[in-house]
Amino acid sequence: FTTRVGSSRRSTGRATSTKAHDAPMQKKDMYLALDCEMVGVGPEGLESALARVSIINWNNEIVLDTYVTVQEEVTDYRTFVSGIRPEHIQSESAISLNQVRALSMNMLKGKILIGHALENDLKAMEMNHPACDVRDTAKYAPFMRTISKENDEKVLVPKKLKDLVRENFQREIQVIGKSHSPVEDAIAAMDLYKLCRNTWEVQKSQEINR
């Protein structure tokens, strides 16, 4: 595994842009989906540290996919779920948190960021993204489920990404017994966004105007 920036399963073009500076932005330039994998640090591995970052564009092409070195002692690699093993984050191709943050912030600047439960990923990356440019499939009301509290109050709670994908596309991700793929999860979030983009953007525009 090596750090991939601007690589793709569909094309192998160079990461640097060669289009005219005033060429209109395409969808693949405007929308990026992010997913991360963490390892456990601290007592019993209960705290999370960033170990892999994957970013894909509108066309489901990989624009960044890299392992991240962890400065703290890893007490739980969570390999069963994360797929992370010691050799991944200790390899020469793994980059530092500062490096991946700088790369990601540069890529995401001015873009619509899509993902599932993005606050966890952004917290691990120690970065922020403007709320008006975030589309979180865990917080989009039509993708949430309603539960009743003890006082009969109705509240919305997030569904799991794997459940949303099964319900909307009849396909399976995050299969038990197989480690998660952050690329696959990022594509899943992007697919969910595409499914209701027009409605979501109208709603987001109304929220911003208010």
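Position numbers for residues start from 1 in each chain and track the written sequence from start to end. Given that the model is predicted, a residue must reach a pLDDT of at least 70 before its local features are reported, and side-chain atom pairs must reach 80 or more before they are shown or counted; all residues, however, enter totals for whole chains, interfaces and linings. Hydrogen atoms and water are omitted, and side-chain values are computed over all heavy atoms in the structure.

Draft legend 1. The arrangement of the confidence of the model for the protein chain in detail. For every residue, the pLDDT score states the predictor's confidence, bounded by 0 at the bottom and 100 at the top. Averaged over all residues, the pLDDT of the protein chain is 90; the fraction at 70 or higher stands at 91%. Long-range and interchain partners of residues 8–19, a stretch whose pLDDT sits below 50, account for 14 contacts in this model, where long-range means more than four residues apart. We call two residues contacting when some pair of their heavy atoms lies within 4.5 Å.

Draft legend 2. Molecular detail of unusual backbone geometry. Here asparagine 60, not a glycine, exhibits a phi torsion of approximately 65°, which is positive. Turning to its location among the elements, asparagine 60 is positioned in the loop between strand E3 (47–57) and strand E4 (62–67). A residue is classified by how much of its surface remains accessible, and asparagine 60, at 11% relative accessible area, is buried. Its identity is not glycine, yet glutamine 174 carries a phi of approximately 50°, on the positive side. By secondary structure assignment, the location of glutamine 174 is in the loop between helix H6 (161–169) and helix H7 (182–195). Helix and strand definitions here come from DSSP, where helices need a minimum of 4 consecutive H or I residues and strands a minimum of 2 consecutive E residues; each element is numbered from the N-terminal end. Exposure is judged per residue with a 1.4 Å probe applied to protein chains only, and the accessible area is read against the type maximum: over 50% gives exposed, under 20% gives buried, and values in between give partly exposed.

Draft legend 3. Representation of the side chain of threonine 137 in the model. Residue position: threonine 137 is located in the loop between strand E7 (134–136) and strand E8 (145–148). Its relative accessible area of 1% is what places threonine 137 among the buried residues. Residues adjacent in sequence count toward polar contacts only when both atoms are side-chain atoms; beyond that, a polar contact is any pair of N or O atoms within 3.5 Å, and within protein one must be able to donate a hydrogen and the other to accept it. Engagement of the side chain of threonine 137 in a polar contact is seen with the side chain of histidine 116, the distance being 2.8 Å. In this view, threonine 137 contacts Gly115, His116, Phe143, Leu161, Leu164, Ala189, Leu192 and Trp200; residues no more than four positions away in its chain are not counted.

Draft legend 4. Geometry of the packing of aromatic side chains. For Phe, Tyr and Trp, rings pair up if their centres lie within 6.5 Å, where Trp contributes its six-membered ring, and each pair is then called stacked (planes under 30 degrees apart), edge-to-face (over 60) or tilted (otherwise). A complete count under the given rule lists 7 aromatic pairs for this structure. An angle of 40° between the planes, with centres 5.5 Å apart, marks the rings of tyrosine 31 and tyrosine 193 as tilted. Of this pair, tyrosine 31 sits in strand E2 (residues 31–41) while tyrosine 193 sits in helix H7, and the two are 162 residues apart along the sequence. Of the two residues, tyrosine 31 and tyrosine 193, neither departs from the other in class, the shared state being buried.

Draft legend 5. Spotlight on the side chain of aspartate 121. Looking at the secondary structure, you find aspartate 121 in helix H5 (residues 118–125). Despite its burial, aspartate 121 pairs with no opposite charge; the closest candidate is arginine 78, at 10 Å N-O. What aspartate 121 contacts, discounting residues up to four positions off in sequence, is Leu34, Asp35, Cys36, Met38 and His116. His residues and chain termini do not enter the charge count, which takes Lys and Arg as positive and Asp and Glu as negative. What makes a salt bridge here is a side-chain nitrogen of Lys or Arg within 4 Å of a carboxyl oxygen of Asp or Glu, nothing more.

Draft legend 6. Spotlight on the pairing of E8. When DSSP finds two or more bridges between two strands, those strands count as paired. Two elements, E8 and strand E9 (residues 154–157), share 4 bridges in a ladder whose sense is antiparallel. For threonine 146, the partnering residue across the bridge sits in E9 and is leucine 156. Following E8, the chain reverses through 5 residues before pairing antiparallel with E9; aspartate 152 in that reversal takes a positive phi of roughly 70°.

Draft legend 7. Examining the nonpolar core more closely. The nonpolar core is taken to be a set of buried Ala, Val, Leu, Ile, Met, Phe, Trp, Tyr and Cys residues, with the residues joined through side-chain atoms within 4.5 Å. Within the largest apolar cluster, 23 residues are counted, with the highest numbers of intra-cluster contacts made by Tyr31, Ile56, Ile114, Phe143 and Met190. Secondary-structure elements contributing two or more residues to this core are E2, strand E6 (112–115), H6 and H7. The biggest single contributor to this core is H7, with 8 residues. Judged by nonpolar contacts, the second largest core, of 21 residues, contains Val53, Ile55, Leu64 and Val68.

Draft legend 8. Main features of the packing of H7 against helix H8 (residues 197–209). Following both chains from N to C, one finds H7 and H8 inclined at 80°, their axes separated by 5 Å at the closest point. It follows from the interaxial angle that H7 and H8 lie roughly perpendicular. Facing H7, whose interface residues are Tyr193, Lys194 and Leu195, H8 presents Arg197, Trp200 and Glu201. Residues that form the contact of H7 with H8 fall into these classes: 3 nonpolar, no polar and 3 charged. As a rule, the C-alpha atoms of each element are fitted with a line to give its axis, helices using only the stretch in contact, and angles between N-to-C directions run from 0 to 180 degrees. An angle below 35 degrees is read as roughly parallel, one above 145 as roughly antiparallel, one from 65 to 115 as roughly perpendicular, and any other as oblique. Think of it as three bins: nonpolar holds Ala, Val, Leu, Ile, Met, Phe, Trp, Tyr, Cys and Pro, charged holds Asp, Glu, Lys and Arg, and polar takes everything else, Gly as well.

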